Amino acid sequence: MLAADMNCLEMGTAFHAAAVQAADAGSSPSSAADVGSITAPRQLAGSVGGFDFSDYIRFTLDAPARLETSLTGMRADLDLAIYNRDGQQLGLSNRSGSAEERIGLDLSAGTYYALVYPYRWAYSNYTLSLNPTFRDAPSPPPQPPADGNGSPSPIAALPDVPYYGGSNDWNINSVNAPEAWARGYTGQGVVVAVIDTGVDLSHPELTSQIWVNPGEIPNNGRDDDLNGFVDDVNGWDFVGNDNNPTDLNGHGTHVAGTIAAAKNDVGATGVAYGAEIMPVRVLNANGSGSDISVANGIRYAVQAGADIINLSLGGTFSTVIQSAIDFARQQNVFIVAASGNEGAGTPSYPAR
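All of these numbers come straight from a predicted model, not from anything done at the bench.

**Digging into the overall build of the chain**
Piece 1. The number of helices and strands found in the chain is 5 helices and 16 strands.
Piece 2. The burial tally for the chain puts 43% of its 352 residues in the buried class.
Piece 3. Here the contacts in the chain between residues at least 6 apart in sequence split such that 68% fall between residues at least 24 apart.
Piece 4. Summed over its atoms, the accessible surface of the chain is roughly 17600 Å², and 51% of this surface lies on carbon and sulfur atoms.

**A word on the pairing of strand E16 (residues 334-337)**
Piece 1. With 4 bridges connecting them, strand E15 (residues 308-311) and E16 associate as parallel partners. Across the sheet, Ile309 pairs through a bridge with Ile335, a residue of E16.
Piece 2. Handedness of the E15-helix H5 (residues 319-330)-E16 crossover: right-handed.

**Details of the sheet that holds strand E5 (residues 55-61)**
Piece 1. Spatially, 5 strands are ordered E3-E5-E10-E7-E8 in an open sheet, and the strand pairing comes out mixed. In the strand order of this sheet, the two ends are held by strand E3 (33-37) and strand E8 (89-93), each with one partner. When strand polarity is set aside, the average angle formed by the axes of neighbouring strands in this sheet is 20°.
Piece 2. Looking at chain direction, E5 and strand E10 (residues 110-118) are connected through 7 bridges and run antiparallel. Of the residues in E10, the one forming a bridge with Arg58 is Tyr113.
Piece 3. Relative to E10, H5 is tilted by about 130°, and along the sheet it contacts strand E7 (78-84) and E10.

**Overview of helix H4 (residues 291-304)**
Piece 1. For H4, with 14 residues, the first-to-last C-alpha span of 20 Å sits near the 20 Å given by 1.5 Å per residue.
Piece 2. Taken together, the buried positions of H4 are occupied by Ser293, Val294, Ala295, Gly297, Ile298, Tyr300, Ala301 and Val302.
Piece 3. Phi turns positive one or two residues past the end of H4, at Gly305, with a value near 100°.

**Overview of the packing of H4 against H5**
Piece 1. The geometry of H4 relative to H5 is characterised by a closest axis approach of 8 Å and an angle of 10° between their N-to-C directions. Considered as vectors, H4 and H5 are oriented roughly parallel to each other. Where H4 abuts H5, its residues Asp291, Ile292, Val294, Ala295, Ile298, Arg299, Val302 and Gln303 lie against Val320, Ile321, Ser323, Ala324, Ile325, Phe327 and Ala328.
Piece 2. Taken together, the residues of the contact of H4 with H5 sort by class into 11 nonpolar, 2 polar and 2 charged.

Calculation criteria
- Residues numbered from 1 in each chain as written.
- Predicted model: local features only at pLDDT ≥ 70, side-chain atom pairs only at ≥ 80, totals over all residues.
- Heavy atoms only, no water.
- Helix = DSSP H or I, 4+ residues; strand = E, 2+ residues; numbered from the N terminus.
- Buried < 20%, exposed > 50% of the residue type's maximum accessible area, 1.4 Å probe, protein only.
- Contact = heavy atoms within 4.5 Å.
- Areas by Shrake-Rupley, 256 points an atom, 1.4 Å probe, with all protein chains shown as cover.
- Pairing = 2+ DSSP bridges.
- Right-handed = clockwise from strand over helix to strand, strands pointing away.
- Axes fitted to C-alpha atoms, helices over the stretch in contact; angles between N-to-C directions.
- Expected span 1.5 Å × (residues − 1).
- Parallel < 35°, antiparallel > 145°, perpendicular 65-115°, else oblique.
- Nonpolar A, V, L, I, M, F, W, Y, C, P; charged D, E, K, R; others polar.

So this is what it looks like as structure tokens:
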């Protein structure tokens, strides 16, 4: 939430409330504080930490510019990132301690987001500075390639492919997975950690998709890769604290199949059937688990080399889990979290 009074404040010769309303400030792009068009250097005062675990600030550039962004005035470790409107991270500054964070970017005209967030459980006030330098002659926007008749063609248009599978594969077709496969996007080379109830390692749809730790020699009773886990050849069980992340509930196996079940004309087919699944068991046979187990599972997956972490779980806000998620984000690991099955107007944590 921006500033102690939950309003975004603009800094000038004197503090005064900006046009942004308290309800506009939030911890997601959809609830970002909107400061509108940035035409001159701008400073914003805010605070973040505790249950207010991030501040998004939306701003617009009306023309191409060099944007210098800085974060100062902290008494604890806060970090800064810049995103475009599609959620792509364009810049990151995560220096340790309360040192100034600074990002310089050459940006096109458009809408962008500045994200301010704490390291672990830090809490601090801050000053965010946005300083644009506009180019004299704005460059024209890039044009899509033309077809044989000189007309613009869609960029990265999906190919027209036949309906895949049978009636039970409607979900795969509804998200255009077969079209993505035709463009070569099958998940090949991507490791997805399933932080859940475990995974059935012997399931015929998953045996060829299970991640294998390249740093471990199986069953020799040693921690070969020195990561603190002995014989974690196929992941780890943080419920039983052993190297057997076998699913005793079924949910984690279901999730793993949705992601990467083999494309073999038998049973289900995963959306990214070429991906590897890293099983990390943090929930017991009843589908329940502790915050610390989930957090430890996230950190394990990051350090083991996962590209994506899937969290099909939810509950109340946890600083321990949030800290682990922040750690994953700092290592550029992409996180997917379930929004919840309650039909609520807002998602549950950690998706929220």
